[in-house]
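If you want the building blocks of each chain, they are given just below.
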Amino acid sequence: MEIREQLERLLGQESIDPRDIPGVELYMDQVIRFMETRLEDRRSGPEEKLLTRTMVNNYVKSGLVEKPDKKRYNARQMMLLIMIYHMKNVLALGDLKLFLEDGDPEESVEQLYRMFLEVQEEVLSDKASLADSGGDRRTVMKLVLEADLNKRLAETMIRVREEGRRKDRHGR
């Protein structure tokens with residue numbers, strides 16, 4: 001597959017609409033199969049594991065995802081797993097946890113997931129013109145430098161917001 005085709009495939013990826021997430025609770029193997037099927041086109045290579053039992057268990061142990069009820073995962077947990085999949089390559093799990101805990105206590109996981117989908121669509125739309133670049137060195141360098149800066153900015157924003165919340169809890 002040539003570079004342009006690969007870029008178009010990447011940029012044309014469909015999001016997982018909340019209506020496509022099963023309304024019934026799923027066992028671990030079903031969760032993994034769902035994620036493998038729905039995120040297949042996001043694999044960077046055939047050997048990449050999109051989600052494993054160990055990953056899910058680590059996300060539960062670290063508090064990123066709530067414990068399953070009778071070994072079954074609900075739609076909220078699935079939404080969190082989808083968001084974690086997309087963000088874990090950029091944010092350390094500790095920062096990811098702070099990010100997911102940040103925000104209005106009244107905001108539901110469903111609302112956060114809808115915001116995630118909106119932002120994901122904006123990002124894909126913003127990058128659509130990259131397919132025309134053919135993946136030249138300058139474009140690759142620009143993407144790498146943007147990724148580095150964006151990662152640092154996100155980490156800084158998460159930590160600054162956490163410090164502010166900590167001060168608010170302790171009466172400044």
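Just above, that's the structure.
Going along each chain's sequence as written, the residues are numbered from 1 onward. Note on the predicted model: pLDDT of at least 70 is required for a residue's local features to be given, and 80 or more for side-chain atom pairs to be given and counted; whole-chain, interface and lining totals, by contrast, use all residues. For side-chain calculations, the full set of non-hydrogen atoms in the structure is used, while hydrogens and water are omitted.

Novice: Mind showing me how you'd approach a negative patch on the surface here?
Specialist: Together, Glu118, Glu121, Glu122 and Asp126 make up a region of like negative charge exposed at the surface. Strands are runs of DSSP state E lasting at least two residues, helices are runs of H or I lasting at least four, and both sets are numbered from the N terminus onward. Positionally, Glu118 belongs in helix α6 (residues 109-126). The patch calculation keeps residues exceeding 30% relative accessible area without a salt bridge and links them within 9 Å when they carry like charges or within 5 Å when they are nonpolar (Val, Leu, Ile, Met, Phe, Trp, Tyr). All accessibility values rest on the Shrake-Rupley procedure with a 1.4 Å probe; residue burial counts only the protein chains present in the view. Salt bridge criterion: a side-chain nitrogen from Lys or Arg within 4 Å of a carboxyl oxygen from Asp or Glu. Only four residue types enter the tally: Lys and Arg on the positive side, Asp and Glu on the negative side, with His and both chain ends excluded. Working definition for charges: the position is that of NZ of Lys, CZ of Arg, CG of Asp or CD of Glu.

Novice: Explain the environment of Arg161 to me, please; I cannot follow it from the model alone.
Specialist: Tracing the backbone shows Arg161 in helix α7 (residues 137-169). For every residue, the accessible area (1.4 Å probe, protein chains only) is compared with the maximum for its type, and the residue is labelled buried under 20%, exposed over 50%, or partly exposed between those bounds. Judged by relative accessible area, Arg161 falls into the partly exposed class, the value being 47%. Taking C-alpha positions, Arg161 is 7.8 Å from Asp102, a pair spaced 59 residues apart along the chain.

Novice: Would you mind showing me how to read a nonpolar patch on the surface here?
Specialist: Together, Met115, Val119 and Val123 give the surface a local cluster of nonpolar side chains, amounting to about 230 Å² of exposed area. Counting through the fold element by element, Met115 comes out in helix α6. Given a relative accessible area of 39%, Met115 falls into the partly exposed group.

Novice: Even after reading the chapter, I still don't get the pattern of salt bridges, so can you show me in this structure?
Specialist: Side chains that differ in sign of charge can pair as their charged atoms come close. A full pass over the atoms with the stated rule returns 16 salt bridges. With a closest N to O distance of 3.0 Å, Arg152 and Asp148 form a salt bridge. Taken as a pair, Arg152 and Asp148 lie in helix α7 at a separation of four residues, close to a single helical turn. Residue Arg152 is classed as exposed on the basis of its relative accessible area of 51%.

Novice: Whenever I open this one, unusual backbone geometry confuses me. Can you help?
Specialist: The phi angle of most residues is negative, glycine excepted, and most peptide bonds adopt the trans form. The backbone phi angle of Lys70 is positive, close to 55 degrees, even though this residue is not glycine. Tracing the chain through its elements places Lys70 in the loop between α3 (53-61) and β2 (72-73). According to the relative accessible area criterion, Lys70 is exposed, its value standing at 64%. With phi around 65 degrees, Lys71 is a residue other than glycine that occupies positive phi space. Here Lys71 falls in the exposed class, since its relative accessible area comes to 64%.

Novice: I keep staring at the nonpolar core and nothing clicks. Help me out?
Specialist: Across soluble globular proteins, nonpolar side chains have a tendency to be buried as a group. Joining through side-chain atoms within 4.5 Å is the link that ties buried Ala, Val, Leu, Ile, Met, Phe, Trp, Tyr and Cys residues into a set, and such a set is a nonpolar core. Within the largest apolar cluster, 34 residues are counted, with the highest numbers of intra-cluster contacts made by Ile21, Val31, Met35, Val65 and Tyr113. It is helix α4 (residues 75-87) that contributes the most residues to this core, nine residues altogether. Here a residue-residue contact requires only that any non-hydrogen atoms of the pair lie within 4.5 Å. When neighbours within four sequence positions are excluded, Val65 is seen to be in contact with Tyr59, Val60, Gln77, Leu80, Leu81 and Ile84.

Novice: Is there a simple way to explain the packing of helix α2 (residues 28-38) against α4 in this structure?
Specialist: Packed helices, taken two at a time, are described by the angle between their axes plus the distance between the axes. Inter-axis angles, ranging from 0 to 180 degrees, are taken between N-to-C directions of lines fitted to C-alpha atoms, where helices are fitted over the stretch in contact. Running from N to C, α2 and α4 cross one another at 45 degrees; their axes reach a closest spacing of 12 Å. Classified by the angle their axes make, α2 and α4 are oblique. As for how α2 packs across α4, the hand of that crossing is right-handed. Along its contact with α2, which presents Val31, Phe34 and Met35, the element α4 presents Met78, Leu81, Ile82 and Tyr85. Residue composition of the contact of α2 with α4, grouped by class: seven nonpolar, no polar and no charged. An angle below 35 degrees is read as roughly parallel, one above 145 as roughly antiparallel, one from 65 to 115 as roughly perpendicular, and any other as oblique. Crossing handedness: left-handed means the near helix sits turned counterclockwise from the far one by under a right angle, and right-handed means the same turn made clockwise. When residues are grouped by polarity, Ala, Val, Leu, Ile, Met, Phe, Trp, Tyr, Cys and Pro land in nonpolar, Asp, Glu, Lys and Arg in charged, and all others, Gly among them, in polar.

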